[in-house]
Amino acid sequence: MVPPTYYLLLAAGIFCIGLFGVLTRREVLYFLMSVELMLNAANINLVAFSLFYGDLTGQVFALFVIALAAAEVAVGIGIILVLYRNFGETDVTLTSEMRW
């Protein structure tokens, strides 16, 4: 059996990669992929602790996080389309120029 420490280290690494992507990228698509990485790192933690404690609660929460990620992608694609339609590119910093 794999110790939970390995799962936690994997999740911490994936979360750090996602956090680095959120802080350094300016394109909306990369930003959304980085957020997805962070959510998947949380899912790894939930499932690892669920396995470690022998309880299914973590896996149920992981399913809710997956549903939340699907909704986030649907909203994110809408934002990407609006940004591209208004500005011709998908730079996150251009949203400060959007006014009524």
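Parameters and conventions
Residues numbered from 1 in each chain as written. Predicted model: local features only at pLDDT ≥ 70, side-chain atom pairs only at ≥ 80, totals over all residues. Heavy atoms only, no water. Axes fitted to C-alpha atoms, helices over the stretch in contact; angles between N-to-C directions. Helix = DSSP H or I, 4+ residues; strand = E, 2+ residues; numbered from the N terminus. Parallel < 35°, antiparallel > 145°, perpendicular 65-115°, else oblique. Left-handed = near helix turned anticlockwise from the far one by under 90°. Contact = heavy atoms within 4.5 Å. Nonpolar A, V, L, I, M, F, W, Y, C, P; charged D, E, K, R; others polar. Buried < 20%, exposed > 50% of the residue type's maximum accessible area, 1.4 Å probe, protein only. Phe/Tyr/Trp six-rings, centres within 6.5 Å; stacked < 30°, edge-to-face > 60°. Lys NZ or Arg CZ within 6 Å of the ring centre and 35° of its normal.

Visitor: How should I be thinking about the packing of helix α1 (residues 4–24) against helix α2 (residues 28–53) in this particular structure?
Guide: Between two packed helices, the angle of one axis relative to the other and the distance separating the axes together describe the packing. Relative orientation of the contacting elements α1 and α2 amounts to 165 degrees, with a least axis distance of 8 Å. The pairing of α1 with α2 is recorded here as roughly antiparallel in orientation. In this structure, α1 crosses over α2, and the sense of that crossing is left-handed. Contacts between α1 and α2 involve P4, Y7, L8, L10, A11, I14, F15, I17, G18, L19, G21 and V22 from the first element and F31, S34, V35, L37, M38, A41, I44, N45, A48, F49, L51 and F52 from the second. Residue composition of the contact of α1 with α2, grouped by class: 20 nonpolar, four polar and no charged.

Visitor: Help me understand the side chain of N43, please; the structure alone is not making it clear to me.
Guide: Mapped onto the elements, N43 comes out in helix α2. Given a relative accessible area of 9%, N43 falls into the buried group. Here N43 is in contact with A62, V65 and I66, once residues within four sequence places are set aside.

Visitor: Could you clarify how one ought to interpret the packing of aromatic side chains in this entry?
Guide: What describes a pair of aromatic rings is the distance from one ring centre to the other and the angle between the planes of the rings. In this structure the tally under the stated criterion is two aromatic pairs. Plain terms: the ring middles of F49 and Y53 are 6.4 Å apart, the flat faces sit at 20 degrees to each other, and that makes the pair stacked. A residue pair is termed a helical-turn pair when its members lie 3 or 4 positions apart in one helix, as F49 and Y53 do in helix α2 at four residues. According to the relative accessible area criterion, F49 is partly exposed, its value standing at 37%. When the centroid spacing of 5.0 Å and the interplanar angle of 75 degrees are considered together, the rings of F52 and Y53 count as edge-to-face. Judged by its relative accessible area of 46%, F52 is partly exposed. On the basis of relative accessibility, which here comes to 60%, the residue Y53 falls in the exposed class. Here the aromatic cluster, defined as three or more aromatic residues joined through ring pairs, consists of F49, F52 and Y53. Sitting above the plane of the Y30 ring, R25 keeps its charged end 5.2 Å from the centroid.

Visitor: Mind showing me how you'd approach the packing of α2 against helix α3 (residues 57–87) here?
Guide: Here α2 crosses α3 at 175 degrees, and the two axes come no closer than 9 Å. By the angle between their axes, α2 is roughly antiparallel relative to α3. Here the residues of the contact of α2 with α3 sort into 16 nonpolar, six polar and two charged.

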